[in-house]
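Observations on the model geometry
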Amino acid sequence: MRIRISTVVALAATIALTGTASVSGATAAVAGTHPTTKPTVVLVHGAFADSSSWSGVVERLQQRGYPVVAAANPLRGLSSDAAYVRTVINSVPGPIVLAGHSYGGAVMTNAAAGDPDVKALVYIAAFAPDRGESALELSGKFPGSTLGDTLAPVPLGDGTTDLAIRQDLFRQQFAADVSPKQAALMAVTQRPIRDAALSEGSGAPAWKTIPSWFLVAGADRNIPVAAQRWMADRAGSRATIEIRKASHAVGVSNPRPVADLIVRAATAR
C-alpha cells in the first residue's frame, strides 16, 4: 500500500486533535481533497539527456489532466538506475503509466518488473531488453547506429568511462529535426552515461507481464530503426507508431504524438 506524504501529515493532525486515528480514514480524506481518476505518468529519460527533454510532453499531458513525474535517471548502471527509478515509482500512489526514452526504456523495463501498480509501458525510441541483454548489444543487433564515432570518453579513474556526444556532432547525431538553437542548448546540458550502464545485462523484463506501446523514430541514428521495430514485435506491442523523419530526440521534436501515445496507453482497457 502506498501512502502520500500528505496523508501522513493528515494522519498526524488527526492524532493531535482526537488522540486516535485511522489510516484508511486519513487516506480517504486526502483522496477526497485531491480526486483523480487518471494514472500518474512517470517519465524516464535516457542517455545524453535530462528530465527537461520531456518538457513538451509534460505540458501536453498536464493539459489533459494527467499528473506527471519526470524521474532524474542517474545513468550510472542499469541495476542501480532501475533501483532508483523504483523508489520514484514507489512514492507515487495509485496506478502508473511508465514511459521511457532510449536507455530509459531499459531502466523502466527493470524498475517496473513485478509492480502491480504499473499498468502500461510506453517505449519512445527506446530499448526493451530481455533478461541478460544490454543496450550495447541491442544497438549492435542491426546496422544503422552511428553513435560510437561521435562519443567523447572521459575516464572516471575506476576502470569505467563516462560517455558524452561531442557538442559539434550532437545535432546531427541526436537531434537532427530540432532547431539548431535548441539542439545547441541540449548539447551543452546533456548528461553523460557511464559505459558500464550500456553494457550491463538486464534483469527480468516487465514487458513480459505489463502491456506495452512503442514509438519508432524513423530517422534515429542512435538506436537502429530495425532494432526498434524488432523489440516492439518481440514485446507484443499493443500499438506501434512510427514517425518517419523523427530523430532520436523525438520527444523534443514531436511532443504531441508522444503524448498522444502515452494517453492511448493510459486509457486502454
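**Things to note about the packing of helix 4 (residues 78–90) against helix 5 (residues 103–111)**
Between helix 4 and helix 5, the shortest axis-to-axis distance is 8 Å and the interhelical angle comes to 65 degrees. The orientation of helix 4 relative to helix 5 falls into the category roughly perpendicular. The element helix 4 and its partner helix 5 pack so that their crossing is right-handed. Note on element contacts: helix 5 touches helix 4 through Tyr103, Ala106, Val107, Asn110 and Ala111, opposite Leu78, Asp81, Ala82, Val85, Arg86 and Ile89.

**Side note on helix 10 (residues 225–235)**
Among all positions in helix 10, only Val225, Ala227, Gln228, Met231, Ala232 and Ala235 are buried. The buried residues of helix 10 occupy one face: seen down the axis, they fall within an arc of 165 degrees. Check the buried side of helix 10 and you find it contacts strand 4 (118–126), helix 6 (135–139), strand 8 (212–217) and strand 9 (239–243). After helix 10 finishes, the residue Gly236 shows a positive phi value of roughly 70 degrees.

**Brief notes about the nonpolar core**
With 53 residues, the main nonpolar core has Leu98, Leu121, Phe174 and Ile193 as its most contacted residues. If near-sequence neighbours (up to four positions away) are discounted, Ile193 is found in contact with Ala47, Phe48, Leu75, Arg76, Tyr103, Thr161, Asp162, Leu163 and Leu198. Counting 28 residues, the second-largest nonpolar core is a separate cluster that includes Trp54, Tyr66, Ile124 and Trp213.

**Structural notes on the sheet that holds strand 5 (residues 151–155)**
Taken in spatial order, the 3 strands of this open sheet run 5-6-7, and their pairing is antiparallel. In the strand order of this sheet, the two ends are held by strand 5 and strand 7 (193–194), each with one partner. Here 2 bridges tie strand 6 (residues 161–165) to strand 7, and the two strands are oriented antiparallel to one another. Paired with Leu163 across the two strands is Ile193, which belongs to strand 7.

**Considering the environment of Ser145**
Note that Ser145 resides in the loop between helix 6 and strand 5. Looking at Ser145, the relative accessible area reads 30%, which means it is partly exposed. Expressed as a C-alpha distance, the spacing of Ser145 and Ile223, which sit 78 residues apart in the sequence, is 5.8 Å. Aside from chain neighbours lying at most four places away, what touches Ser145 is Ser139, Arg221, Asn222 and Pro224. From its side chain, Ser145 meets the backbone nitrogen of Leu147 in a polar contact 3.4 Å long. Of note is the side chain of Ser145, whose polar atom sits 2.8 Å from the backbone oxygen of Asn222.

**Structural notes on the side chain of Ser134**
In this structure, Ser134 sits in the loop between strand 4 and helix 6. Within the structure, Ser134 has its side chain in polar contact with the backbone nitrogen of Glu137 (distance 3.0 Å). Excluding residues within four positions of it along the chain, Ser134 makes contact with Leu198, Ser199, Glu200 and Gly201.

**Focus on the confidence of the model for the chain**
Chain-level pLDDT for the chain is 89 on average; 87% of the residues reach the 70-or-more range. Within the model, the stretch residues 1–35 combines pLDDT values under 50 with 28 contacts to residues more than four positions away or in other chains.

**A few points about unusual backbone geometry**
Although it is not a glycine, Phe48 sits at a positive phi angle of roughly 65 degrees. Within the secondary structure, Phe48 is located in the loop between strand 1 (40–44) and helix 3 (55–63). What makes Phe48 buried here is its relative accessible area of 4%. Phi is positive for Ser102, close to 55 degrees, though the residue is something other than glycine. Along the chain, Ser102 turns up in strand 3 (residues 96–102). Taking the relative accessible area as the measure of exposure, Ser102 reaches 6% and is therefore buried.

Criteria and thresholds
- Residues numbered from 1 in each chain as written.
- Predicted model: local features only at pLDDT ≥ 70, side-chain atom pairs only at ≥ 80, totals over all residues.
- Heavy atoms only, no water.
- Axes fitted to C-alpha atoms, helices over the stretch in contact; angles between N-to-C directions.
- Helix = DSSP H or I, 4+ residues; strand = E, 2+ residues; numbered from the N terminus.
- Parallel < 35°, antiparallel > 145°, perpendicular 65-115°, else oblique.
- Left-handed = near helix turned anticlockwise from the far one by under 90°.
- Contact = heavy atoms within 4.5 Å.
- Buried < 20%, exposed > 50% of the residue type's maximum accessible area, 1.4 Å probe, protein only.
- Arc of directions from axis to C-beta.
- Core = buried A, V, L, I, M, F, W, Y, C linked by side-chain atoms within 4.5 Å.
- Pairing = 2+ DSSP bridges.
- Polar contact = N/O pair within 3.5 Å; in protein donor to acceptor, adjacent residues only side chain to side chain.
- pLDDT = per-residue confidence, 0-100.

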